[in-house]
Amino acid sequence: MGQDMEWFVGVSAVDITPPVGLWMSGYALRDKPAQSAIHPLWVKALALKDKNGTVAVMVGCDIIGFPREVSERIKSRVEKELKIPPERVLLNSSHTHSGPVIEKSLVNIYPLDGTDQLERIKNYTAELEDNVFQCIAKAVSELIPANLYYGKGIARFAVNRRNNKPDEIENVFEFRGPVDYSVPVLFATSVDNGSMIAIVCSYACHGTVLADYYWCGDYPGFAQIELQNMYPGAVSIFLGGCGADIDPMPRLKLSLARQYGKELACAVETVIEDNAQAIPSNLSTSLEFVTLELEQPIRKEELERIANDPTQVDYKFRSARYLLRELAKGRSFSDVYDYPVQVWNLGGIPLVALGGEVVVDYAKCIKSMLGNNAIVLGYSNDVMAYIPSVRVLHEGGYEGGDFQIGYMLPSKWKESIQERILSTVQKLWHKVKS
């Protein structure tokens, strides 16, 4: 291929498996720490350098999500030591529910009071930040000439959990609700010998096959293992898509996590073997924090009612008690949130990375705006809450605002949320497209 198609690519992987005995993230009903590991947890980084010398890095990580404070510290260090600005660093999580609790992320929903867990979580988070930085630095230091390809496959184990019940799934012949079955794939091969260097894939589905007490990357972890067995020497990276209202179904069996991992890997293999296009060596990046509005904050009296109501689910009364303690310390509730929207132009392929747990409607809307080749990610740079569409806000329920208190936000989003996010995506795409 000609110079206009040639990239420089570097890849790295660092084991971030926590010690046994650290609390696990994802389910408020867990009542004890992790007991063992099914397979290691990883942070992985892909560094890209285009023909103009622009360097950017995308990171996939086997955690529930990067909270804002953690993301900011990592990006600040990368900018200071590696001279790569924040808009060129994409921090994404697989959102596995079999990973560790991270400081500043949902800590309030677990029964950790009176234990040493908060200190252990703080120490692990500091180690994680260093591991993510070291992973990025290594990938950047090992850039080699490469060709970069893009394609899109299909996997069909994702089911809209708002419209279908897991215990009825085997008797359902027609699933209800929107789903994004697409599997966007990026992969890089060496210019020198054609060997596979890196494989990046995404899927819009929660990492919730498993709900036990063993560290595991869930189906994304098994997919990466499968792909690395298929292509020895390559590093496989998973990036979480807009799957906030999507679950793998059926679930709760280790064999199913392996099965879905293999299904995802086979979808990626099909792209690599039969359905990929070379991407021109041209990279533009952008990042903007758009102000999202919240409704009127919850009153102290309502928090007290929830905190003392024995019929409330665990995450609600624990979160209410946490917020009451914050109020007692003098904290005031804000009615706005600065939300990260990141848009890249990868040789003509739009890559959109949104913060929070983003419902599938956003992937549909963005693809209708930018084209079906767009790669649309959630769980990127800051996971602060569920990000509902106007439709989901109207319907209500868990993703529509019920879990807002679990994320320590004092009220639901206003309906302007969808228009503000989508208009920012459109604006940034026009910026990087030119």
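Residues numbered from 1 in each chain as written. Predicted model: local features only at pLDDT ≥ 70, side-chain atom pairs only at ≥ 80, totals over all residues. Heavy atoms only, no water.

1. Quick word on the nonpolar core
Stated formally: Here, nonpolar core means buried Ala, Val, Leu, Ile, Met, Phe, Trp, Tyr and Cys residues that are tied together by side-chain atoms lying within 4.5 Å of each other. Note on exposure labels: buried denotes an accessible area under 20% of the residue type's maximum, exposed denotes more than 50%, and partly exposed covers the range between, all computed with a 1.4 Å probe on protein chains only. Segments assigned H or I by DSSP are reported as helices when at least four residues long, segments assigned E as strands when at least two residues long, and all are numbered from the N terminus. Residue contacts follow a heavy-atom distance rule, with two residues in contact if any of their heavy atoms lie within 4.5 Å.
Ile136, Tyr339 and Leu354 are the most contacted members of the largest nonpolar core, which totals 90 residues. A total of 9 residues in this core trace back to one element, the largest contributor, which is helix H2 (residues 117-141). Here Ile136 is in contact with Ala45, Val57, Val59, Ile74, Val78, Leu82, Val89 and Leu91, once residues within four sequence places are set aside. Ile199, Tyr203, Leu264 and Ala267 belong to the second largest nonpolar core, which has 33 residues in total.

2. Things to note about the environment of Ile366
Within the element layout of this structure, Ile366 appears in helix H7 (residues 361-370). The class for Ile366 is buried, based on a relative accessible area of 0%. Taking C-alpha positions, Ile366 is 20 Å from Ala385, a pair spaced 19 residues apart along the chain. Sequence-distant contacts of Ile366, that is, excluding residues within four places in its chain, are made with Val352, Leu354, Gly371, Val376, Leu422 and Val425.

3. Quick word on the pattern of salt bridges
The cut-off we apply is this: Salt bridges are identified by distance alone: a Lys or Arg side-chain nitrogen within 4 Å of an Asp or Glu carboxyl oxygen.
Per the counting criterion, the structure on display carries 21 salt bridges. For Arg161, the salt bridge goes to Asp247, with nearest N and O atoms at 3.3 Å. Taken as a pair, Arg161 in the loop between strand S7 (158-160) and strand S8 (182-190) and Asp247 in strand S12 (residues 246-248) lie far apart in primary sequence, 86 residues in all. Here Arg391 ties to Asp245 by a salt bridge, and the two come within 4.0 Å at their closest N and O atoms.

4. Structural notes on the sheet that holds strand S14 (residues 283-293)
Strand pairing in a sheet relies on backbone hydrogen bonds, with the paired strands running either antiparallel or parallel. As a reminder, the rule being used: At least two DSSP bridges between two strands are needed for those strands to be called paired. A fitted line through C-alpha atoms serves as each axis, taken over the contacting stretch for helices, and the angle formed by two N-to-C directions is quoted from 0 to 180°.
Reading across the sheet, the 4 strands line up as S14-S15-S16-S18 and stay open at both edges, with mixed pairing between neighbours. Edge positions in the sheet fall to S14 and strand S18 (375-377), since each has one partner strand and no second. Along the sheet, successive strands turn relative to each other by an average axial angle of 15°, direction set aside. Pairing geometry for strand S15 (residues 336-346) and strand S16 (residues 349-354), over 6 bridges, is antiparallel. For Asn345, the partnering residue across the bridge sits in S16 and is Pro350. Contacts from H7 reach S16 and S18 within the one sheet, and its direction differs from that of S16 by about 150°.

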